[in-house]
Amino acid sequence: MSNDPSDDVQIVTPTDKQVPFVVQVQTDFLNSKHCCCLIPLGLGVNVKSQLKMLNSTSKTTKKSVRSYAALALDSDGGAPLGFIQLKGHGMVCDLHTPKVGEVYVESLAVLPTARGKGVGRKLLQWGEDLAKFDNCNLYTLEVLNGNAAIRLYERFGFVAKSDDACEWCIGAAFVCCFMGRPYGCLSPMGAYTMEKRLEAGGGDGGGEGMERG
Ligand SMILES: CC(C)(COP(=O)(O)OP(=O)(O)OC[C@H]1O[C@@H](n2cnc3c(N)ncnc32)[C@H](O)[C@@H]1OP(=O)(O)O)[C@@H](O)C(=O)NCCC(=O)NCCS
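- By the naming in an unreviewed UniProt entry, the chain goes by N-acetyltransferase domain-containing protein and is assigned to Triparma laevis f. longispina.

1. Some words on unusual backbone geometry
- Even without a glycine there, the phi angle at K62 is positive, about 65°.
- Turning to its location among the elements, K62 is positioned in the loop between α2 (47-54) and β4 (69-73).
- What makes K62 exposed here is its relative accessible area of 58%.
- One non-glycine residue with positive phi stands out, namely N135, at about 60°.
- By the element assignment, N135 lies in the loop between α3 (119-133) and β7 (138-144).
- Judged by its relative accessible area of 38%, N135 falls in the partly exposed class.

2. Considering a negative patch on the surface
- A surface patch of like charges, here negative, comprises D4, D7, D8 and D76.
- Structurally, the position occupied by D4 is in the segment before β1 (10-12).

3. Describing the packing of helix α1 (residues 19-30) against α2
- At their nearest, the axes of α1 and α2 sit 9 Å apart, and the two run at 110° to each other. In this view, α1 runs roughly perpendicular relative to α2, as classed from their interaxial angle. On α2, the residues touching V19, P20, V22, V23 and Q26 of α1 are V47, Q50, L51 and L54.

4. Some details on the site of the ligand
- Taken together, 20 residues sit near the ligand, with V110, G116, G118, R151 and R155 positioned nearest.
- R115 places a side-chain nitrogen or oxygen 3.3 Å from an oxygen atom of the ligand.
- Protein contacts shield 78% of the accessible area of the ligand, which totals 860 Å² for the unbound molecule.
- Looking at the shell around the ligand, the elements with two or more residues in it are β6 (102-110), α3, β7 and α4 (149-156).
- Looking at the shell around the ligand element by element, the count peaks at 5 residues for α4.
- Class assignment of the residues belonging to the shell around the ligand gives a composition of 10 nonpolar, 4 polar and 6 charged.

5. As for the pairing of β6
- Of all 9 residues in β6, 8 are buried, a share of seventy percent or more.
- Relative to β6, strand β5 (residues 80-87) runs antiparallel, the two being bridged by 6 bridges. Bridge pairing in β6 links Q85 to S107.
- The pairing of β6 with β7 spans 4 bridges and is parallel. Each residue of the ladder has a partner; that of Y104, found in β7, is T140.
- Handedness of the crossover is the feature at issue here: the chain leaves β6, passes through α3, returns alongside β7, and the resulting connection is right-handed.

About the cut-offs
- Residues numbered from 1 in each chain as written.
- Predicted model: local features only at pLDDT ≥ 70, side-chain atom pairs only at ≥ 80, totals over all residues.
- Heavy atoms only, no water.
- Helix = DSSP H or I, 4+ residues; strand = E, 2+ residues; numbered from the N terminus.
- Buried < 20%, exposed > 50% of the residue type's maximum accessible area, 1.4 Å probe, protein only.
- Patch = residues over 30% accessible without salt bridge, like charges linked within 9 Å, V, L, I, M, F, W, Y side chains within 5 Å.
- Areas by Shrake-Rupley, 256 points an atom, 1.4 Å probe, with all protein chains shown as cover.
- Salt bridge = Lys/Arg side-chain N within 4 Å of Asp/Glu carboxyl O.
- Lys, Arg positive; Asp, Glu negative; His and termini not counted.
- Charge placed at Lys NZ, Arg CZ, Asp CG, Glu CD.
- Axes fitted to C-alpha atoms, helices over the stretch in contact; angles between N-to-C directions.
- Parallel < 35°, antiparallel > 145°, perpendicular 65-115°, else oblique.
- Contact = heavy atoms within 4.5 Å.
- Near = heavy atom within 4 Å.
- Polar contact = N/O pair within 3.5 Å; in protein donor to acceptor, adjacent residues only side chain to side chain.
- Nonpolar A, V, L, I, M, F, W, Y, C, P; charged D, E, K, R; others polar.
- Pairing = 2+ DSSP bridges.
- Right-handed = clockwise from strand over helix to strand, strands pointing away.

Here is the structure:
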């Protein structure tokens, strides 16, 4: 029998009623970082903007953004524990433009009290299954240097994409100017893209009805 505490965690599509949790778990993380040392990064994330985003669709594939989002629920009573938002080709995305065949992790966050129990990994796995079901072959994300999440991503099979030196300098300068050193002065600078190549999963590409759990 498996002792993995995340085994009983359920993965569901967020309903409108659960959007306040989605906002809370994201803003808790984003507000710990400040643009130009002043403006909390979660400032623009609110229930209205989140609902508008979830109810939008990809301009090219017509898939709904909500079908690319998932909540992890506790087995005792279904309290939400974490959230993942993926973006595919044609979906409006803040810092990245997903290509054809790419699924990008735009947001991943787990409640501080639920961390370290496999919930983040389960949400990442759900995203990979969705990507394969939609016949995508590239799973990507961007992460700030110094974030402890990098260990999780590496264990999950993501590898850092090697940017050329010029791109790295621009990224490091951008993060430094706008966010300072979010993980402390001694942490490495900048941010980078990580990717995982996927074998197409032979899904029907429908995505919307993919089984959760
Ligand atoms: C990153 C995050 C989603 C991981 O979720 P999780 O449920 O704790 O992840 P798992 O339990 O599946 O995996 C644990 C791994 O996550 C990483 N991790 C990152 N921050 C962690 C934390 N505060 N507590 C525990 N693990 C953390 C570690 O690599 C850990 O592995 P380790 O035990 O070998 O150190 C979660 O820590 C979080 O919400 N962090 C804040 C938001 C964030 O940084 N999101 C990623 C933006 S790119």
